[in-house]
Amino acid sequence: MAREPKPDFERYMTTLHCQEPDRVPLGDWHVDQLPMENYLGRKITSLQDQIDFWYAAGFDYMTTSSGILEPVRAPEGMTVKGDAVETEYEQVREREWALEHDGVITSWEAFEKYPWPSVDDFDLSKWDVLDKTLPQGMKAVLVLGKIYTTVWMFMGAETFFNALEKNPELIAAMFEKVGSLQYETFMRVSEHPCVGAVFNPDDIAHNTGLLIHPKYLRSYMFPWYKKIGDVCRDKGIGYIFHSDGDCTEAMDDFIDCGFHGFNPIQPNCMDIDAVKKKWGHKLCLIGNLNLDSTLTLGSPEDVRAEVYERIRTIGPGGGYMVASSNSITDYVPLANMKALLEATFEFGQYPIELEEGRIDGKIWKFQAKPRQEISQAATVLNLEAYVAGMLGNNSPAVIELVQKDMEAGIKAQEVVSSGMIPAMTVIGEKFQSGEIYIPEMMIAAKTMTAVLEHYKDQLAGKEEKKIGKVVIGTVKGDLHDIGKNLVIMMLEGQGFSVVDLGISVSTDKFVEAAIENKPDIVALSALLTTTMVEMKNTIIGLEEAGLRNSIKIIVGGAPVTQAFADEIGADGYGYDSPGAAQKCKELVSA
Ligand code: B1M
């Protein structure tokens, strides 16, 4: 490699303190194994190999996990294997994740029985090795924290969301258990002189907002982060928080917890220019290079252009590190990863002045998605009461409302179509406007299901009233399903019958299910840029099976756009779950 690595952790710390060092540092916290190996030109089999990668690539640090209570290392039988994500590398790579929808801790009994480890059970000897072997100028960045993610993954998404309101004692106990273990580990590991910073990756947000109401984060999680933050500040250790998605609502909390830096400022969720203006004097910003487009689908020139633009606009004055908008995954082409590294060295020397348009390339710019206005659908039954009952997880109250409406002579089916369904629409709009969060949406849908179950006799024989049938799944290679599950709830709430094929669904499976179920609509969800191509493959598969003319296809998911939907020949696109349900209604009535 032509460039001589000169690690200097002071550069990293100066930047974290929002000051100007000699040059803009690199800031990624995770690089998948294959890109590491391909960069180095050899297998990574030891700690030393990892150090060699971070050193050769030009980082001032290496990151390494505490290895404590990783949620993806669920007990045997509780994991799911994802198909290999297609990459430029030849090696086939399976990914394994905890099967969090069937959580491990779903009750007090399970909590008490679970063999919770103590910090003494973990082998922390690598930190002694790192104390002795890190090259001069380099420090270790301890990846630790993940309290929120660990709790929800151990409990399973739905159990967790429900328990926030219904079982706060269990929630508090889970946060206490996980938080104290992380804290003790941190105290133990941070004694090592090699530890220069702590990086806490804990995804608390999705594309348009926090996953749960911030009041829960403030009660259960931020106090632990502040406790760790206070020690970091005392010891002069850097402290960085990572969450994907739109974290705007929690930015001040991050500052209160003592974080020095925030990563990755996902470019399709947060406007880094606005973030810099509002919080850039207190929080160092790390990331924002677009993993959805530039890094994965762009050319090395596009990557250079984006690095250049970020350095020139966010770098002046310090407090910015170049990094991807999540991590360097194995579907980032090696040439693009190299372009990111080299462009940082080439353009990152201070002093930096704003100077636009020096190199060509497509530069990705943030475009805010307009928030939805809540409609005034007041021509239906007692809408406000239905909304309140459904949001309040209060099926007895909703049952009472239905009862009263039926006693007034309204037929059960009409109570559903003029009471509960419009209420679900309003709830969807509240989600779109950021007024409510994912658990509330899920709870409302569950309440509606419980009420429908209660009145199943009165509603019996009304199956023909379903407005359509949808076969849905997350496409092959993709394990994300929280969004897809919300889409299902909204569809059911709007009167569709839904066949859920689950996650990582192949084209063949979609075709088989379409033949078997004869749906009006096939709905495809994808959260990864690399798996979006599977949507096109599925459309081709349905065409080849001669089903295309009789079935409408709708696509959606965080990286999917209307333009992409048009390009692959889908009939519809849903930006979010209420939007998806609305689109499906339009498709069946067209
Ligand atoms: Co992953 N992840 N993840 N992840 N994850 C994202 C999606 C990512 C955007 C984060 C980022 O870039 N900063 C990124 C993808 C980037 C890209 O390629 N464009 C990413 C990555 C990189 C990865 C891994 C590759 C990480 C790694 O290994 N290095 C890995 C891949 C695994 C795999 O699938 N093969 C991975 C793994 C995971 C977890 C397992 C840890 C977990 C998933 C748990 C689960 O779903 N059971 C996870 C999570 C939680 C996320 C984030 C943080 C949140 C996703 C979520 O649940 N949101 C996400 C960051 C983000 O979204 N900004 C991220 C809540 C949900 C309600 O929103 O799913 O967007 P969403 O659904 C929305 C809309 O998109 C829409 O409606 C919903 C709202 O109402 N919608 C549809 C969804 N489907 C629709 C279908 C429709 C219409 C609308 O019509 C049919």
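Each remark here, short or long, concerns the structure printed above.
Residues numbered from 1 in each chain as written. Predicted model: local features only at pLDDT ≥ 70, side-chain atom pairs only at ≥ 80, totals over all residues. Heavy atoms only, no water.

> Is there a simple way to think about the state of the cysteines in this case?
Working definition of a disulfide: a covalent bond connecting the sulfur atoms of two cysteines. Counted by the stated rule, this structure contains zero disulfides. The thiol sulfur of cysteine 284 is not disulfide-bonded, and the nearest other cysteine sulfur, from cysteine 18, lies at 5.8 Å. The buried category is assigned to cysteine 284, whose relative accessible area is 0%. (Disulfide = S-S within 2.5 Å. Buried < 20%, exposed > 50% of the residue type's maximum accessible area, 1.4 Å probe, protein only.)

> How should I be thinking about the pairing of strand 15 (residues 552–556) in this particular structure?
A regular strand places its side chains so that they alternate between the two faces of the sheet. Counting buried positions over the five residues of strand 15 gives four, a clear majority of the element. In terms of handedness, the path from strand 14 (residues 521–525) via helix 22 (residues 529–544) over to strand 15 forms a crossover that is right-handed. Bridge count for strand 15 against strand 16 (residues 572–574) is three bridges, and the pairing is parallel. Bridge assignment links isoleucine 554 to a residue of strand 16, and that residue is glycine 572. (Helix = DSSP H or I, 4+ residues; strand = E, 2+ residues; numbered from the N terminus. Right-handed = clockwise from strand over helix to strand, strands pointing away. Pairing = 2+ DSSP bridges.)

> What is the right way to read the sheet that holds strand 12 (residues 468–474) from this model?
Sheet strands pair by backbone hydrogen bonding; their relative direction is either parallel or antiparallel. Across the sheet, which stays open at both edges, the five strands sit in the order 13-12-14-15-16 with parallel pairing between neighbours. Every interior strand has two partners, whereas the edge strands, strand 13 (496–500) and strand 16, have only one. The mean angle between the axes of side-by-side strands here comes to 25 degrees, regardless of whether they run parallel or antiparallel. Across five bridges, the pairing between strand 12 and strand 13 is parallel. In the sheet register, isoleucine 472 faces strand 13, and the bridge partner there is aspartate 500. (Axes fitted to C-alpha atoms, helices over the stretch in contact; angles between N-to-C directions.)

> Please explain helix 13 (residues 300–314) as it appears in this structure.
Helical geometry: 3.6 residues make up each α-helical turn, so side chains three or four residues apart lie on a common side. Relative to the 21 Å expected for 15 residues at 1.5 Å per residue, helix 13 spans 21 Å between its end C-alpha atoms, a close match to the ideal helical length. With respect to burial, helix 13 is a largely interior element, twelve of its 15 residues being buried. Among the residues making up helix 13, those that are buried are Asp302, Val303, Arg304, Ala305, Glu306, Val307, Tyr308, Glu309, Arg310, Ile311, Arg312 and Ile314. Looking at the buried side of helix 13, the elements it contacts are helix 11 (272–279), strand 10 (284–286), helix 12 (294–297), strand 11 (320–321) and helix 14 (334–347). (Expected span 1.5 Å × (residues − 1). Contact = heavy atoms within 4.5 Å.)

> Just checking my understanding: could you explain the environment of asparagine 38 for this structure?
Mapping asparagine 38 onto the fold places it in helix 2 (residues 33–40). Accessibility expressed as a relative area gives 30% for asparagine 38, which makes it partly exposed. Separated by 296 residues in the primary sequence, asparagine 38 and leucine 334 have C-alpha atoms spaced 7.4 Å apart.

> Sorry, what's going on with the coordination of the cobalt atom of the ligand here?
In an ideal tetrahedron of four donors about a metal, each angle is 109.5 degrees. In an ideal octahedron of six donors, the angles are 90 or 180 degrees. On the protein, His480 (NE2) is the one donor atom to the cobalt atom of the ligand, at 2.3 Å. By the element assignment, histidine 480 lies in the loop between strand 12 and helix 20 (482–493). (Donors = N, O, S within 2.8 Å, 3.2 Å for Na, K, Ca; no water.)

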